[in-house]
Every structure is written in C-alpha cells, then in structure tokens.
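A look at the structure
Residue-level listing of the chains:
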Amino acid sequence: MSNWIDIAALDAVPQRGARLIKTLHGCVAVFRTAGNEVFALDNACPHKNGPLADGIVHGKAVTCPLHNWVIALETGEAQGEEGKVATYPAKVAKGRILLDADFLQQRAVA
Amino acid sequence: MTQKLVVIGAGMASGRVLEHLFDGGADFDVTLFNAEERGNYNRIMLSPVLSGEKTYEDIVTHDADWYEANNVTCHFGTHVTAIDRQAKTVTSAKGTVAYDKLLIATGSAPFIIPVQGKDLPGVITYRDLDDTNAMIKASKAGGKAVVIGGGLLGLEAAAGLAERGMDVTVLHLMGHLMERQLDEAAGFLLRRDLEKRGITVKCRASTAAILGTDKVEGVLLEDNEGLEADLVVMAVGIRPETRLATDAGLEVARGIEVGAQLQTSDPDIFAVGECVEFDGQLFGLVAPLYDQAMVLANTLMDKPEVFTPKKLSTKLKVTGCDLFSAGDFAAGEGREDIVFRDPARGVYRRLVIEDDVIVGAVMYGDTADGNWFFGLIRDKTDISEMRDTVIFGPAYQGGAPSDPLSAVAALPRDAEICGCNGICKGEIEDAIAAGASDIGALRSQTKASASCGTCTGLVEQVLAVTLGDDFVLPTAQPICSCTEMTHEDVRRMIKSQELKSLPAVWQACDWKTPCGCHVCRPALNYYLLSDWPLDYEDDPQSRFVNERKHANIQKDGTFSVVPRMWGGITTPDELRAIADAADKFSVPTVKITGGQRIDLLGVKNEYLPAIWDDLNKAGMVSGHAYSKGLRTVKTCVGTDHCRFGTQDSTGLGIQLEKALWGSWTPHKLKLAVSGCPRNCAEATCKDIGIVCVDSGYQISIGGAAGMDVRETSLLCQVPTKEEVMDVVKAVTQSYRENAKYLDRIYKWMDKVGLEWIQEQITDLDIRAALVERFDLSQTIYRKDPWAQHVAKPAPYEPLATLTLEAAE
C-alpha cells in the first residue's frame, strides 16, 4: 500500500518547470506539466548525469540542459536513445504534491 | 527546296523565331538585317548594363558562332530602306536581297515629346545599347540628369544614372509613378525607395521646353520651374516602328496589322514583336512576344497555330524594388479591398475583390506570392472561404499552414512558372525527368527563368518538389517538428495577427504539440518579447536554464558567475569583493574571460542568490555572460593613456554597454571599441565593432570569431559619439526585429544584405524609429536580474529536504 507524504504546495513548482527534493541519496526532481500533472524522477540524465530539473519541460517530457536528450516524464525513458531514469510515484491532491514515502526506502537500499 | 527568309530587325522576338526554326530543322536560308551594329541581345537586361552590374557580353543571346553555325547571313548596322513587294526584294545600303518570305521585326521607337530643344545634344532616349552607352559616357562627367517619364524605363534609367554618380531628377506627368502597373500606395513606396537612393521625383510635372544653346542645359516645366541638366533622358513611351511597312503599302493601324498566324496583309510578309498590332492590341512585354515567335515559327514550318493574347501579370524588379500587379485594380462600386501593410519592411499588398472573386492585385516589396494571386484572378476562384487569410498568401490557406514547397507541389502541370517564356510547370517537370537536375540545365533546356530571372526561386522549388531528396536547395526549414512554419512565417504571423502570448501563437499557427519543445519555445519567447515588449510577459520556463537562472551551467551541474565590468574597467574594491566572494563560496576556479572580465566557475545552484547578493552589494550587476543578448563591450584604453588613441574608446564602450545591457537579441551580441586602427580591442571580429579614427567612428558589423571566423563589414562612419549610440541601437533593434532566432548578426547580414541594413540606418526617420523602439524595450529589460532573483530565491532552493528518518 502506498504511503503518501505531503511534500509542498503544487504552486511551489512552476508550470512547465521543476524543483528539487534533497534526499540522503541524491536529488529527486519533481516536474509539473502545463496540465498540472506531477512526476518525480532522479535528477540525473542517463547520458552524462545532467540535472534534469534545469531542463525545459514540454508536453510530458523534459529536455536535459547539457546535451538535449529528451526524457519521457511518465516512463523515464530517453527518446531515441538508450537509457532510462528511475521514476517514483507522485500525485496531486487538494493542491498539494504527494510522493510515495516508500520510494525513499527503495533508494536507501539501492 | 530551300526558301529564302529575310528578317528585318534582330530583337528578342525575331531571335526567338530563328531559334524555333533551327530547332525544328526548318529549311530556310536566312538573311538578318539589323539597324544596330550587333545581333540579338537581351534588351530587358540593359538596366544592369547601365548600372554596371553586367556588361554587353553578358546579355548577348546569339553570338557570331551561333549565326555561323546556322548559316545566317548577317548585315548588322544596316538599315533596310525599302521593300519591293512585286519583285520580292528588300533594299539597303548594301544592295538588294531577294526573299521568298519576309519577316518584319522592327520593334518600337521611343516617343519623343515635341517640345523645343528636343534635338539638342545631350537629349537621349533609352531604347538600345547605343543609348545605354551614351548614358554611361555622359554620366562619367557627373553632373545633373533629368529623366522625363516615371515608367519602368525611365526609372531604370534614373536608378542606373544615380548609381553612376549623377544627381538625378525624374519628371512624371501623372500623380504617381508607374500608374499603369501600380496603385497610389505602391507608387508611393516606390517613390520613397527611389528617394532613399538620392533620386528626386517630381510627379504632375509637365515638360514645357528643353533649354540650351549648343547642348542641353536645363528643362523648363509648365509651371515655370527651371531645372539644370547636363543630360536629359526621354523615356515617356514607345510606339511601334512601322515606317517600312507603311511605305511598302501594308495595312498599318497603330502597329503593323497581323492575323492570328502573324501574317500581314501580304501573305509572304510576316511581322512579329512590338511593331505589330493584333486585334487592336499592341505588345510591350516579352511574354506575348515569345508566344508570337512560337506561333510564327510554326506557321513558317507549315504547322498552323493560332496566337491568342493571354491575360498578363506584371512582375517587375525596378531598380532592386520588387513589384507585382495583375488584373484591374481600380477602385469602383461593388469592389472591396483587402490591404496588408508592413511599413517597416516597406511591404504592401492589396487585393481588389468583386463578387467574391479577386479581380486585381498589387504587391510591393514582397512579391513571392504573385503567381498564386495571378492564378486566382485568371481562374476567377471564389475566395469567400479563405477571405480572412487570403492576403497572407498560399502558405496560410487550407486549414493547416503549409510550407512554400507544398504550395508549388499543388500547382497543376499547366500552371505558368516562367511568365517571360511562358514555361509551365509540366515542361519543367519533363525537362527534369529528361535529366536536368539544376537550375542551369533547366535554363538552357526550357528557358525557364532565363529572361528576367524573377521566377528563379519558383523554378528551384519545382526542382525541389520533383527531385525530392536528390535536390539540395537551401529551402526554408520549419522551426522544429512542432510546426510546418519557418521562423520567418511565425514572425510574420506574430506581427500581422498581433499574437501576444505563447498559446496564441500555438493556436494561430496550428502547433502540432500542446506546448512546443525545447527548440521552438525559446525562439517564440524571444520573438514575442522582442515584438511586444510592453504586452508580453517573459516566460522563464521557455528559456534555456542559463537564461532562467542567470548563470552558465557547467558539465557537473554547477554554474559560473560573471559580474559585469563596464567596458572592461574595474576597481580595487570590485576586485576585493570578487576575491571575497570566491573565498566565501569556495569557488574552485577563477578565470579571466575573453570579454575582459572575471569568471567564477563551479558555484552550486543553491549558492547563486547569495553570491549575487554579495556582488550586488559591491555595486556589481549580472554580466549576462549566459544570454542571447548583450554580452560585453570590449575596449582599449584609448586617449586616456595610449600614445596612439584618437578618441575616448573606453568611455564610448562604457556608454554603449550601459545603454545596451539587459537587451535580448536573437543570439549573443558582442561589441568592441578600438581607439585607433591598430585595433587592440579586436573590434573587427565582433558582432558590432567600432574603430575610432581622427575624423570620427567607423562602425562595422557582422564579425565572428567562433565556429566561423569573419571580419566585419563597414556599415557607416559617423562623426560624433551621439551618432554612434544611435546607429548601434538602431542596428541592434533591426537585428532584434528581423533576424532568425540563433542567427548571429553575420548570418542575418548574409540573408538580408549589408545594403539593406545600411538603408535602414542611413534613413534618419527609420533610424530614429528603431532607436525609439529599442529604448522602449530597454525600459522593461534594462534591469539587473541578479537583484530580482536575490529578492525571490525560492527557485534556487530545494523544494523539500527529506531524510530517511522523516520517511519512516
């Protein structure tokens, strides 16, 4: 069963933008699309570890700022390239961004 | 049996007749007379000869080898004085020649207005190469020229003479120039363009007399105004040259009357070209003459064909100004106008509509869509469905905007591509199928674009459509896969439809993705903020991270911080503050940049607002080392210290940087000011470079020292600092308004031409308007982004910091 924890207000992340969540095991990027969906991914491009949170968000994808790899937010897969970013459950409820606490534990064991 | 064909006149029409005859293997023994001392040449191209762009050799269509190869007996410089129809002979100074068939192609003679002084030396017409050479010779002495007649020929003469350094005045009887081809508004634009080149234009000016005793000295107008003149060019019109035909007793009205096979009232005598009258019509443009030539050649080869005059459009290049007109564009009851104007670019389009059908079109400045409008007029297409967008041309029709190639692809095979030579798309396709794979081959095989050349782009597009990937044309590329539109298309839409937000652009331009991509969004964001500085709110999410976070991202995700050092000048206090910041934030690398300032590399994202705050407190602002905008103005020490400096280059550099900083441009913009031609600031490889000289400031643009290395081209020289400021602001603004996103100035200059940019800058009204728009935009954007972000540091901080414990 999911263990949703409240992270922040939705409006703390700009539309078509991202913010970082610091964990003991590196940063997770939380993305917000134009349609107010949120996605959580590791903040490291599979190519050269580029900070995805600094990329341009378009549709349900983000373009890495270092070398323009395009990563699908839903799957974490790089489009047209070999590579995948870890994704974590995230959702919006009552204007708040919620993440599944279990992902932290997964990251801890990993 | 071989027949004897005698041709009187070697013009564009008779030359074409002979080509068709020899190509068709006709059995004729040809004798060719020409009053001019030369054979066939392309008369349309006399203007480039006058202006010096081409030589006579460039415009010869048939040379001595061609005549010899086809066994043509040539008598050039020989007037035919009589035709004896009974004996079937023609007589000239060289004797008498017998004919089986005779072709009269005497063309036209310039109309001379019957005023006092018309025969004075120094009064010339503009009709043939001799006239052209006479003008070139007269212009060598400089002085003043008066051109009587503001039609095509008169204006070409005026422009050519002005190009050769004469002080030119054009007199035109009517209210606006080229009144038969243009309406008043387009005539005005043409006049303005000519005046920009220093040509004086007087409309409603009627010539009373030409003054002078031994040679021309001036022109007197009906209203008693007198104009000095060392040369008078009479270009008021032409009339068919019919004297020989009249003397021979042929039927002659205004021109030599011919039937549909171009035969005169004598069955063995034919006439072709400007000297004929068919069905009450005279012919002056080259397209119907070529049609006549084809019909006549077939007639002579016993392949009966009928000449039918076609509805014509006029697409002309007058002295570098593109204009187009077709159909009937007079205003009238029941007629409505659709007008599009882009005053800054000097573009004007007007469509005249009657009962949902376009009956006339006038275009000035941008005539690319002329053929499409002409097709709508000719086919009487009902335009009620596309009325809202028809003025924007074929690229905006049919729901989805499409690229020019698909418009060409959609043309039927019988669509005319080359108006001069009457070449249809089908003929070009056939030639391509037969192996012609470039424009040169197509020209020689089909003649498409071989006369006036204005359809060259269209012919290339047919090539591109037909050959597909095999043809490498620098075609207009869409911005990205989100759209079919090019950068230029989108900019045009943003301005003409007043699109002031990203969603408005996506909607109006039919974007295929919901919110663009990393390629198009930064471009659109730039176009919108550049075109609507007061209305559009910059969208940080549509900017590359460097411009969003006002620092340069490095490969490990850290950033570099570069404070501005105006003109490369710093102080011990500033240096101390930088050193302190570097210590406090453990900056791993401190480097001097090529733009004369200091780079702090390796700063962590979350420290950015704090380091900026420290630098702000020491009086420094963002150096925009990360932006598609003004970067640095590099200077040398100028007159302050240098033994050679001619002006205060450092002061000017600082003044420029303070005026320009914060502005966004299509790509990065680097300036430099050197205090003397030794050029220690390396100004001649910058986007805009200023080199100080004793008499003022040389401003040059379009340099580069990156992937491409380019030397700047001189834009202008000005005497004062104030003018430097205005010129630099104006050229920057023109670049902002017109260049494609991510084109440096040199790429933009390659597209629009240095000359065009110079025109913008030298016209003081345009310059002032550009400066005003630049200053207006700077009221919004000349602000320190670091100070703004220090006040709102949230985006640089983590959204949350989660520990394992918190999760448990």
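Quick notes on the rules
Residues numbered from 1 in each chain as written. Chains lettered and ligands numbered in written order. Predicted model: local features only at pLDDT ≥ 70, side-chain atom pairs only at ≥ 80, totals over all residues. Heavy atoms only, no water. Helix = DSSP H or I, 4+ residues; strand = E, 2+ residues; numbered from the N terminus. Buried < 20%, exposed > 50% of the residue type's maximum accessible area, 1.4 Å probe, protein only. Contact = heavy atoms within 4.5 Å. Areas by Shrake-Rupley, 256 points an atom, 1.4 Å probe, with all protein chains shown as cover. Lys, Arg positive; Asp, Glu negative; His and termini not counted. Charge placed at Lys NZ, Arg CZ, Asp CG, Glu CD. Expected span 1.5 Å × (residues − 1). Arc of directions from axis to C-beta. Pairing = 2+ DSSP bridges. Axes fitted to C-alpha atoms, helices over the stretch in contact; angles between N-to-C directions. Phe/Tyr/Trp six-rings, centres within 6.5 Å; stacked < 30°, edge-to-face > 60°. Domains from an automatic or database assignment. pLDDT = per-residue confidence, 0-100. Buried area = accessible area lost by both parts, 1.4 Å probe. Salt bridge = Lys/Arg side-chain N within 4 Å of Asp/Glu carboxyl O. Polar contact = N/O pair within 3.5 Å; in protein donor to acceptor, adjacent residues only side chain to side chain. Parallel < 35°, antiparallel > 145°, perpendicular 65-115°, else oblique. Nonpolar A, V, L, I, M, F, W, Y, C, P; charged D, E, K, R; others polar.

Notes on the overall build of chain A
A tally of regular secondary structure across chain A gives 1 helix and 10 strands. Projecting the C-alpha coordinates of chain A onto the three principal axes gives extents of approximately 35 × 35 × 20 Å. Within chain A, the fraction of its 110 residues that count as buried is 52%. Within chain A, counting contacts between residues at least 6 apart in sequence, those at least 24 apart form 42% of the total. When the accessible area of chain A is evaluated, it comes to approximately 4,900 Å², of which 47% is carbon and sulfur surface.

Observations concerning the overall build of chain B
Looking only at helices and strands, chain B features 28 helices and 40 strands. When the backbone C-alpha atoms are referred to their principal axes, chain B occupies close to 120 × 70 × 55 Å. With 808 residues in all, chain B has 54% of them scored as buried. In chain B, 61% of the contacts between residues at least 6 apart in sequence involve partners at least 24 apart. Carbon and sulfur atoms make up 50% of the accessible area of chain B, which amounts to about 34,600 Å² in all. Once the 82 positive and 114 negative side-chain charges of chain B are each reduced to a mean point, those two points are 5 Å apart.

Looking at helix 19 (residues 572-584) of chain B
All names here are of chain B. The end-to-end C-alpha distance of helix 19, which contains 13 residues, comes to 18 Å, matching closely the 18 Å that a straight helix rising 1.5 Å per residue would cover. Within the sequence span of helix 19, burial applies to Glu574, Ala577, Ile578, Ala581 and Ala582. Buried residues in helix 19, looked at end-on, bunch into an arc of 135 degrees, giving them a common side. Residues Pro572, Asp573, Arg576, Asp580, Asp583 and Lys584 are exposed on helix 19 and point more than 90 degrees away from its buried face. Contact partners of the buried residues in helix 19: strand 31 (589-592), strand 32 (598-603) and helix 20 (608-617). Remark: Ser586 follows helix 19 within two positions and exhibits a positive phi of approximately 45 degrees.

Concerning the sheet that holds strand 6 (residues 61-63) of chain A
Residues and elements named next belong to chain A. Pairing is antiparallel in the open sheet, where 3 strands are placed in the order 5-6-7. In the strand order of this sheet, the two ends are held by strand 5 (56-58) and strand 7 (70-72), each with one partner. In this sheet, neighbouring strand axes are inclined to one another by 25 degrees on average, regardless of whether the strands run parallel or antiparallel. As judged from the 3 bridges shared by strand 5 and strand 6, these two strands associate in the antiparallel manner. The residue bridging His58 from the neighbouring strand is Ala61, located in strand 6.

Thoughts on the packing of aromatic side chains
Residue and element names in this part refer to chain B. In this structure the tally under the stated criterion is 16 aromatic pairs over all chains. For the ring pair Tyr41 and Tyr56, a centre distance of 5.7 Å and an interplane angle of 75 degrees mean the geometry is edge-to-face. With a gap of 15 residues between them, Tyr41 in the loop between strand 2 (28-34) and helix 2 (46-51) and Tyr56 in helix 3 (residues 56-59) connect regions that are remote in the sequence. Take Tyr41: its relative accessible area is 2%, and that puts it in the buried class.

Re helix 6 (residues 152-163) of chain B
Residues three or four positions apart in an α-helix share a direction because the helix packs 3.6 residues into each turn. Residues and elements named next belong to chain B. Taking 1.5 Å of rise per residue, the 12 residues of helix 6 would be expected to cover 16 Å, and the 16 Å separating its terminal C-alpha atoms lies within 8% of that figure. Burial analysis of helix 6 places 9 of its 12 residues in the buried class, the great majority of the element. Where helix 6 is concerned, the buried positions are Gly154, Leu155, Glu156, Ala157, Ala158, Ala159, Gly160, Leu161 and Ala162.

Let's talk about the pairing of strand 14 (residues 216-221) of chain B
All names here are of chain B. Note: strand 13 (residues 207-212) against strand 14, 5 bridges, orientation antiparallel. Paired with Ile210 across the strands is Val219, a residue of strand 14. In the sheet, strand 14 pairs with strand 15 (residues 226-228) via 3 bridges, with the strands oriented antiparallel. Each residue of the ladder has a partner; that of Leu220, found in strand 15, is Gly226. Hairpin connection, strand 14 to strand 15: the antiparallel pair is bridged by 4 residues, and Asn224 has positive phi, about 75 degrees.

Quick look at the sheet that holds strand 21 (residues 281-282) of chain B
Residues and elements named next belong to chain B. If you trace the 3 strands from one edge of the open sheet to the other, you get 18-20-21, paired in mixed fashion. Looking along the sheet, the strands with just one partner apiece sit at the ends: strand 18 (256-257) and strand 21. Two elements, strand 20 (residues 276-278) and strand 21, share 2 bridges in a ladder whose sense is antiparallel. Bridged to Glu277 within strand 21 is Leu282.

A word on the domain arrangement of chain B
Here chain B is described as being made up of domain 1 (3-108 + 240-300), domain 2 (123-236), domain 3 (487-543) and domain 4 (653-783). The gap between the C-alpha centroids of domain 1 of chain B and domain 4 of chain B is 55 Å.

Structural notes on the confidence of the model for chain A
Taken as a whole, chain A shows an average pLDDT of 89; of its residues, 92% reach a score of 70 or greater. Per-element confidence in chain A ranges from a low mean pLDDT of 63 for helix 1 (residues 102-109) of chain A to a high of 96 for strand 5 of chain A.

Side note on the interface of chain B and chain A
Listed as interface residues are 34 residues of chain B and, on the opposing side, 34 residues of chain A. Between chain B and chain A, roughly 2,700 Å² of surface is buried when both sides are summed, and carbon and sulfur atoms account for 64% of that area. Of all residues in chain B, B:His518, B:Leu799 and B:Leu802 bury the most surface against chain A, accounting for 29% of the area lost on that side. For the pair chain B and chain A, the interface holds 2 salt bridges. Of the charged contacts, one joins B:Glu606 and A:Lys22 as a salt bridge, the two residues approaching to 3.0 Å between their closest N and O atoms. Across the contact surface, chain B and chain A share 11 residue pairs in polar contact (both at pLDDT 80 or more).

Regarding the side chain of B:Glu19
On the secondary structure map, B:Glu19 appears in helix 1 (residues 12-23). Taking the relative accessible area as the measure of exposure, B:Glu19 reaches 15% and is therefore buried.

Digging into the packing of helix 25 (residues 754-762) of chain B against helix 26 (residues 764-781) of chain B
All names here are of chain B. Taken N-terminus to C-terminus, the directions of helix 25 and helix 26 make an angle of 85 degrees; their axes are 5 Å apart at the nearest point. Classified by the interaxial angle, the pair formed by helix 25 and helix 26 is roughly perpendicular. Counting all contacts with helix 25, which are made through Gln760, Ile761 and Thr762, the residues of helix 26 involved are Leu764, Ile766, Arg767 and Leu770. Counted by class, the contact of helix 25 with helix 26 contains 4 nonpolar, 2 polar and 1 charged residues.

As for the environment of B:Asp84
Residues and elements named next belong to chain B. Assignment of secondary structure puts Asp84 in strand 4 (residues 80-84). For Asp84, a relative accessible area of 35% corresponds to the partly exposed category. For the pair Asp84 and Arg387, spaced 303 residues apart in sequence, the C-alpha separation works out to 60 Å. The residues contacting Asp84, other than those within four sequence positions of it, are Thr89 and Tyr99.

Remarks on the environment of B:Thr55
Residues and elements named next belong to chain B. With respect to the helices, strands and loops of the structure, Thr55 is situated in the loop between helix 2 and helix 3. Thr55 sits in the partly exposed class, given a relative accessible area of 38%. With 10 residues separating them in the primary sequence, Thr55 and Met45 have C-alpha atoms 9.5 Å apart.

A word on unusual backbone geometry
One non-glycine residue, A:Asn36, lies in the positive phi region at around 65 degrees. Tracing the sequence through the fold places A:Asn36 in the loop between strand 3 (26-32) and strand 4 (38-42). With relative accessibility at 32%, the residue A:Asn36 sits in the partly exposed group. Positioned with a positive phi, B:Asn679 is a non-glycine residue whose angle comes to about 60 degrees. Within the secondary structure, B:Asn679 is located in the loop between strand 34 (669-674) and strand 35 (688-693). Given the relative accessible area of 15%, B:Asn679 is considered buried.

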